[in-house]
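Architecture and fold: a report
Chain residues, written in single-letter form:
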Amino acid sequence: MLMVFAILIIGREFLYPICLAILFSYLLYPLANLLERRRFPRVLAILISIILGMTLIGGAIFLLYQQMTIFISDFPELKEQALSNLDQLQLRIDQWIDNGNRQGWWLRERISNLSNNSGNLMNKVFSATTGTIVKMGLQPVFVFFMLYYSDRIKSFIFMVWDFNDRGRLVIILKEISEITKNYISGVFIVVFILCIINSLGLMIVGVEYAIMFGILSAVMNFIPYFGTLIGAAFPLTFTLVSDEPGNAIGVIILFLIIQFTENNILTPNITGGRVAINPLFTILIIIAGGMIWGVPGMFMSVPYAGMIKVICRHYEPLKPIAFLLSRNKGSQLRSGLKVVRKVFGKKN
């Protein structure tokens, strides 16, 4: 096990783009296969699928870029407003603690020092982001060849598998395909819906740049469980330093509602709960994925854990692992709703 973790960490830059491309291949395979059955040549069918996927993602990126351009142009004014808010906060703190020996504008100085020392951090973030963009630029190439050679890859798996155990392999591959396809497509649908819900909700609350923050917050939901909380940090931080910090309460309430809706309504019904890993191990797997491969690892850890669970479920010595990873049957929310219906039914 330690050897596997060591390989994953050492080969991070090589492995995670390939693993990410495998998930995108599962996402685009149904469309490419449909076009191929409609008499399209395989190369053309794959190219159309990739171009369509890139168009949808590119449109979202372009919309986000437009919003961020406006935000950056207004940044000097926002910085001045933030410093003004900090000054007011410091005055209230000094009045509250009744400090007779005030040491100047200490809060402003701390924040200014933090901003000045953040240059190296921003350079590191920029370098990491640039590297990620380059690797994402290779995704269409990886996806194209994985889809083009999908039959050969499948034949290779059958060639190296035990000949007398091929029936089980067919079942495993079919279940993995269904789980991965439904999960990845479901996550994209959930993120698209949350882009709309987040943006509209932030508009109602009165947050500026609602569309930009709505999209940024929704994109974070590629990371299960933590996504909504991480996404809420962007509009909440902005609201606290804006000219209407009172809107922060509305932002908190909004994202609590969105968190409940996403976890209990959108994700279970759209992704179908196919991965079905219990929350404890989902959180542990996401943390481990982040430690090994960073943000891409947090996104990929759950579907790959689902694949491992499928394999474990079909082999007797590994069934305890599948049992440990699985969640309880039924849903506490549904059970609670049933109790509420019974109570109100009796009263009526």
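Residues numbered from 1 in each chain as written. Predicted model: local features only at pLDDT ≥ 70, side-chain atom pairs only at ≥ 80, totals over all residues. Heavy atoms only, no water.

Quick notes on the overall build of the chain
A tally of helices and strands in the chain yields 15 helices and 0 strands. When contacts within the chain are restricted to residue pairs at least 6 apart in sequence, those whose partners lie at least 24 apart make up 67%. For the chain, the exposed area adds up to about 22100 Å²; of that, 69% sits on carbon and sulfur atoms. (Helix = DSSP H or I, 4+ residues; strand = E, 2+ residues; numbered from the N terminus. Contact = heavy atoms within 4.5 Å. Areas by Shrake-Rupley, 256 points an atom, 1.4 Å probe, with all protein chains shown as cover.)

Describing the packing of helix α9 (residues 166-205) against helix α12 (residues 247-270)
Between α9 and α12, whose axes approach to 10 Å, the crossing angle comes to 155 degrees. Between α9 and α12, the angle is such that the two are roughly antiparallel. You can see that α9 and α12 cross each other, and the crossing is right-handed. Residue-level contacts link Gly186, Ile189, Val190, Ile193, Leu194, Ile197, Asn198, Gly201, Leu202 and Val205 of α9 to Asn247, Gly250, Val251, Leu254, Phe255, Ile258, Glu262, Leu266, Thr267 and Ile270 of α12. Of the residues assigned to the contact of α9 with α12, the class counts are 13 nonpolar, 6 polar and 1 charged. (Axes fitted to C-alpha atoms, helices over the stretch in contact; angles between N-to-C directions. Parallel < 35°, antiparallel > 145°, perpendicular 65-115°, else oblique. Left-handed = near helix turned anticlockwise from the far one by under 90°. Nonpolar A, V, L, I, M, F, W, Y, C, P; charged D, E, K, R; others polar.)

A word on the environment of Thr261
Inspection of the secondary structure assignment puts Thr261 in helix α12. You can call Thr261 partly exposed: its relative accessible area is 23%. (Buried < 20%, exposed > 50% of the residue type's maximum accessible area, 1.4 Å probe, protein only.)

A closer look at the nonpolar core
The biggest cluster of nonpolar side chains holds 61 residues, and the ones touching the most others in it are Leu202, Phe213, Phe299 and Met300. Within the residue set of this core, elements represented by two or more residues are α2 (12-37), α3 (42-73), α7 (139-148), α9, α10 (210-219), α11 (227-240), α12 and α13 (279-313). Top element by residues in this core is α13. It accounts for 12 residues. With sequence-adjacent residues up to four places away left out, Leu202 is seen in contact with Val207, Ala210, Phe213, Gly214, Pro235, Val251, Leu254 and Phe255. (Core = buried A, V, L, I, M, F, W, Y, C linked by side-chain atoms within 4.5 Å.)

Comments concerning the packing of aromatic side chains
As enumerated under the stated definition, the model contains 10 aromatic pairs in all. Judged by centre distance (6.0 Å) and plane angle (10 degrees), the ring pair of Phe144 and Tyr148 falls under stacked. Of this pair, Phe144 and Tyr148 both sit in helix α7, separated by 4 residues, roughly a single helical turn. Phe144 gets classed as buried once you look at its relative accessible area, which sits at 16%. Assessed through its relative accessible area of 33%, Tyr148 is described here as partly exposed. For the pair Phe213 and Phe238, a centre-to-centre distance of 5.1 Å together with 35 degrees between the ring planes defines the contact as tilted. Taken together, the positions of Phe213 in helix α10 and Phe238 in helix α11 put the pair 25 residues apart, joining distant regions of the chain. (Phe/Tyr/Trp six-rings, centres within 6.5 Å; stacked < 30°, edge-to-face > 60°.)

Overview of the packing of α2 against α13
Relative to each other, α2 and α13 sit at 50 degrees, their axes nearing to 10 Å. What the angle tells us is that α2 and α13 run oblique. Considering the relative orientation of α2 and α13, their crossing is left-handed. Of the residues in α13, those touching α2 at Arg12, Leu15, Tyr16, Cys19, Leu20, Ile22, Leu23 and Tyr26 are Ile292, Trp293, Gly294, Pro296, Phe299, Met300, Pro303, Tyr304 and Met307. Looking at the contact of α2 with α13 residue by residue, the class counts come to 15 nonpolar, 1 polar and 1 charged.

A short note on the confidence of the model for the chain
Summing up the model confidence of the chain, the mean pLDDT is 79 and the portion of residues at 70 or higher is 76%. No element of the chain has a lower mean pLDDT than helix α15 (residues 332-347), which averages 48, and none a higher one than α7, which averages 92. Contacts from residues 331-337, a stretch scored under 50 in pLDDT, to residues over four places away or in other chains number 2 contacts. (pLDDT = per-residue confidence, 0-100.)

Remarks on unusual backbone geometry
Both trends apply: most residues other than glycine have a negative phi, and most peptide bonds are in trans. Located in the positive-phi region is Arg39, a residue other than glycine, with phi close to 75 degrees. If you trace the backbone, Arg39 turns up in the loop between α2 and α3. Exposure remark for Arg39: the relative accessible area of 78% places this residue in the exposed category. At Tyr209, a residue that is not glycine, the phi angle is positive and equals roughly 55 degrees. Relative to the helices and strands, Tyr209 is located in the loop between α9 and α10.

A few points about the pattern of salt bridges
Considering all chains together, one arrives at 7 salt bridges under this definition. Here Glu13 ties to Arg12 by a salt bridge, and the two come within 2.5 Å at their closest N and O atoms. Taking the relative accessible area as the measure of exposure, Glu13 reaches 44% and is therefore partly exposed. By relative accessible area, which is 24% here, Arg12 ends up partly exposed. Through salt bridges with shared partners, one network takes in Glu36, Arg42 and Asp151. (Salt bridge = Lys/Arg side-chain N within 4 Å of Asp/Glu carboxyl O.)

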